[in-house]
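# A look at the structure
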Amino acid sequence: MLPLIDLLRNPKTKGNRGTLLYALEFFDVSEQVVVLVDLLDDTFEASRQSYQLISNVQDKITKAQKELCRQMIRRKLADHKNKCKRDFLLESLELFT
């Protein structure tokens, strides 16, 4: 699984992460939730696939991870470039309450 996570972090894969995220569907990604949250403002496919992966492991996420993820999403909400993604990011924030 870690090679897939490394590829998701690589800027060269931007725009082509949907298949990588789909491949993660068969793994417990709860320890990698921060990487997935970082993709919530990526392309439509990557953001929705990340959301789905997060929701699948929602019960396994620690309180510390949830707090970090909430902070990350709040920063994304404050970023003007994410104005059109606001509703989706607010919905994503609810995964960590």
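This text follows the structure it describes.
Note that the structure is predicted; figures quoted are calculated from it, not measured.

The rules behind the values
- Residues numbered from 1 in each chain as written.
- Predicted model: local features only at pLDDT ≥ 70, side-chain atom pairs only at ≥ 80, totals over all residues.
- Heavy atoms only, no water.
- Phe/Tyr/Trp six-rings, centres within 6.5 Å; stacked < 30°, edge-to-face > 60°.
- Helix = DSSP H or I, 4+ residues; strand = E, 2+ residues; numbered from the N terminus.
- Lys NZ or Arg CZ within 6 Å of the ring centre and 35° of its normal.
- Axes fitted to C-alpha atoms, helices over the stretch in contact; angles between N-to-C directions.
- Parallel < 35°, antiparallel > 145°, perpendicular 65-115°, else oblique.
- Left-handed = near helix turned anticlockwise from the far one by under 90°.
- Contact = heavy atoms within 4.5 Å.
- Nonpolar A, V, L, I, M, F, W, Y, C, P; charged D, E, K, R; others polar.
- Buried < 20%, exposed > 50% of the residue type's maximum accessible area, 1.4 Å probe, protein only.
- Core = buried A, V, L, I, M, F, W, Y, C linked by side-chain atoms within 4.5 Å.
- Salt bridge = Lys/Arg side-chain N within 4 Å of Asp/Glu carboxyl O.
- Polar contact = N/O pair within 3.5 Å; in protein donor to acceptor, adjacent residues only side chain to side chain.

## Focus: the packing of aromatic side chains
By the definition in use, this model includes 2 aromatic pairs. Ring centres 5.7 Å apart and planes at 50° place the aromatic pair Y51 and F88 in the tilted group. Taken as a pair, Y51 in helix α4 (residues 44-56) and F88 in helix α6 (residues 86-93) lie far apart in primary sequence, 37 residues in all. Over the ring of F88 we find R48; its NZ or CZ atom is 3.8 Å from the centre of that ring.

## Some words on the packing of helix α5 (residues 63-78) against α6
Packing of α5 against α6 brings their axes to within 10 Å, and their N-to-C directions diverge by 165°. By the angle class used here, α5 and α6 are roughly antiparallel. The chirality of how α5 crosses α6 is left-handed. The segment α5 lies against α6, with R70, I73, K76 and L77 engaging R86, L89, L90, S92 and L93. When the residues that make up the contact of α5 with α6 are grouped by side-chain class, the tally is 5 nonpolar, 1 polar and 3 charged.

## A short note on the side chain of Q32
With respect to the helices, strands and loops of the structure, Q32 is situated in the loop between α2 (18-23) and α3 (33-38). The exposure class of Q32 is buried, given its relative accessible area of 12%. Setting aside residues no more than four positions away along its own chain, Q32 makes contact with M1, L2, I5 and R9.

## A few points about the nonpolar core
Counting residues in hydrophobic clusters, the biggest one holds 28 residues, and the most contacted among them are V37, I54 and F96. Counting only elements with at least two residues in this core, the list comes to α1 (2-9), α2, α3, α4, α5 and α6. With near-sequence residues (within four places) excluded, I54 lies in contact with V33, L36, V37, L40, I61, L95 and F96.

## Things to note about the pattern of salt bridges
Under the counting rule described, the total for this entry stands at 7 salt bridges. R70 is paired through a salt bridge with E67; the nearest N and O atoms lie 2.6 Å apart. Here E67 and R70 lie together in helix α5, a separation of 3 residues that amounts to about one turn. On the accessibility criterion, E67 (32% relative accessible area) is partly exposed. Sharing partners across several salt bridges, the network here consists of D38, D41, K76 and K81.

## Points about the side chain of S47
For S47, the position within the fold is in helix α4. S47 gets classed as buried once you look at its relative accessible area, which sits at 1%. Within polar-contact distance, the side chain of S47 engages the backbone oxygen of F44 at 2.9 Å. Excluding residues within four positions of it along the chain, S47 makes contact with L39, L40, D42 and F88.

By themselves these figures say nothing about function.
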